[in-house]
Amino acid sequence: LEFIPVLGFCLFGLIHMVLAIAMAFMYIDGYNFNGSSFVGFDNFKNVLSDKLFWQSIGNTFYMSVSTFINILLALLIAFLLTKKIKGKKVFRTIYFIPYVCSVVAVTLMWLWIFNYRFGIINHLIRLAGGQAVDWWGSSELFIPVLILMGVWSGTGYGIILYSAALTNESTSLYEAAKVAGASSFKSFMHITVPAISPTTFYLLITGLIGALQEFARPQILAPNGGPGDAGVTVVFYLYRRAFSYAEMGPASATAWLLAIIILGFTVINFALSKLWVSYDS
């Protein structure tokens, strides 16, 4: 039975990785290898010379802002929930529900919330005497609304992890700080933040990796890429080249460029973690 995980990885991971590497250096007509030929780095040059690819990188990093907001909000809310508040379990459940909901269902819900004609947001704006806003039709507003969606759906996960980390903290350090006359803010910054830094690091790494692979929400909201291609992320760009234009070579090259970007940021984060992550608490 020990070989089953290895067999599963080979069948569903390794073989596809090898094929993706091969296709990244080949010209492929359609979805089979008939008439394919080796073209070297031409697919990578094709992708790197495409302005839309670079815009998709910018869009992806812009959307990843929600990761940092999630971490800050999750820490703040989790810290407040450690206080003597009635119904803490209920609040944690309410915050966590959006995280486990279907991405498709949640995205369609937000699509209607910000609908130009029938959305509740524009309805409230009209009641206040303002003019309705075309949220999904504006290239300036499209990504900020996506960030809001990401914060709403992703903060609950961080709250659960931070709540567990804060529960395991030693109270002796806080008692010593209180005796020494340290303020609540100083205790939070010098005791709480270092103690939960491994949790913060985990949320940062997994959050950025997930953000760099963003695809479902912008694709559901705007299958055509959104206003001014504001909704085209790197994975969305890859998807369009593979399945809209049947360009498997450039699509595979895009996949490996994204893998390199993710690997680079992960390595940098691990290197910088030595400066601020503490495992002694």
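Report on the accompanying structure. Position numbers for residues count from 1 along each chain, tracking the sequence in the order it is written. In keeping with the model being predicted, local features are shown solely for residues with a pLDDT of at least 70 and side-chain atom pairs are shown and tallied solely at 80 or more, while totals for entire chains, interfaces and linings include all residues. For side-chain calculations, the full set of non-hydrogen atoms in the structure is used, while hydrogens and water are omitted.

Topic: the overall build of the chain
Moving on, step 1. The helix and strand inventory of the chain stands at 14 helices and two strands.
Moving on, step 2. When its C-alpha atoms are laid out on the principal axes, the chain stretches across 75 × 60 × 40 Å.
Moving on, step 3. Accessible area is worked out with a 1.4 Å probe on protein chains only. A residue is then buried under 20% of its type maximum, exposed over 50%, and partly exposed in between. Within the chain, the fraction of its 281 residues that count as buried is 38%.
Moving on, step 4. In this analysis, two residues are considered to be in contact whenever any of their non-hydrogen atoms come within 4.5 Å of each other. Across the chain, the fraction of contacts at a sequence separation of at least 24, relative to all contacts at a separation of at least 6, is 67%.
Moving on, step 5. For the chain, the exposed area adds up to about 16,300 Å²; of that, 70% sits on carbon and sulfur atoms.
Moving on, step 6. When charges are counted, neither His nor the chain ends are considered; positive counts come from Lys and Arg and negative counts from Asp and Glu. Lys charges are placed at NZ, Arg charges at CZ, Asp charges at CG and Glu charges at CD. Taken together, the 16 basic and 12 acidic charged side chains of the chain have centroids lying 16 Å from each other. Only runs of H or I of at least four residues qualify as helices and only runs of E of at least two qualify as strands under DSSP, and these elements are numbered from the N terminus. Accessible surface is estimated by sampling points in the Shrake-Rupley manner with a 1.4 Å probe; for residues, cover comes only from the protein chains shown.

Things to note about unusual backbone geometry
Moving on, step 1. Positive phi values are uncommon outside glycine, yet D229 reaches one of about 60 degrees.
Moving on, step 2. With respect to the helices and strands, the residue D229 is situated in the loop between helix 12 (216–221) and helix 13 (234–244).
Moving on, step 3. Positive phi values are uncommon outside glycine, yet A246 reaches one of about 55 degrees.
Moving on, step 4. Note on placement: A246 falls in the loop between helix 13 and helix 14 (248–276).

Quick word on the nonpolar core
Moving on, step 1. For this analysis, a nonpolar core means a set of buried residues of the types Ala, Val, Leu, Ile, Met, Phe, Trp, Tyr and Cys, connected via side-chain atoms within 4.5 Å. If you look at the biggest cluster of nonpolar residues, it comprises 16 residues, and the most contacted ones within it are F114, W136, F142, I143, L146, M149 and L221.
Moving on, step 2. Of all elements in the fold, only helix 6 (103–113) and helix 8 (142–167) reach the threshold of two or more residues within this core.
Moving on, step 3. Apart from residues no more than four positions distant in its own chain, M149 is found in contact with T107, W110, W136, R217 and L221.

Topic: the pattern of salt bridges
Moving on, step 1. The term salt bridge refers to a side-chain nitrogen of Lys or Arg lying within 4 Å of a carboxyl oxygen of Asp or Glu. Enumeration according to the criterion identifies four salt bridges in this entry.
Moving on, step 2. A salt bridge links R241 to E247; the shortest N-O distance between them is 2.5 Å.
Moving on, step 3. Given the relative accessible area of 28%, E247 is considered partly exposed.

Concerning the packing of aromatic side chains
Moving on, step 1. Paired rings are identified among Phe, Tyr and Trp, the last through its six-membered ring, by centres lying within 6.5 Å, and are further divided according to the angle between planes into stacked (under 30 degrees), edge-to-face (over 60) and tilted (the rest). Tallied over the entire structure, the rule returns 21 aromatic pairs.
Moving on, step 2. Relative to F44, the ring of F41 lies with its centre 6.0 Å away and its plane at 50 degrees, an arrangement referred to as tilted.
Moving on, step 3. The class of F41 is exposed, set by a relative accessible area of 55%.
Moving on, step 4. Residue classification places F44 among the buried positions, given a relative accessible area of 12%.
Moving on, step 5. Judged by centre distance (5.1 Å) and plane angle (75 degrees), the ring pair of F114 and W135 falls under edge-to-face. With F114 in the loop between helix 6 and helix 7 (120–127) and W135 in the loop between helix 7 and helix 8, this pair connects stretches of sequence that are 21 residues apart. Of the two residues, F114 and W135, both sit in the buried class.
Moving on, step 6. An aromatic cluster of three or more residues is present, and its members are W110, F114, W135, W136, F142 and W152.

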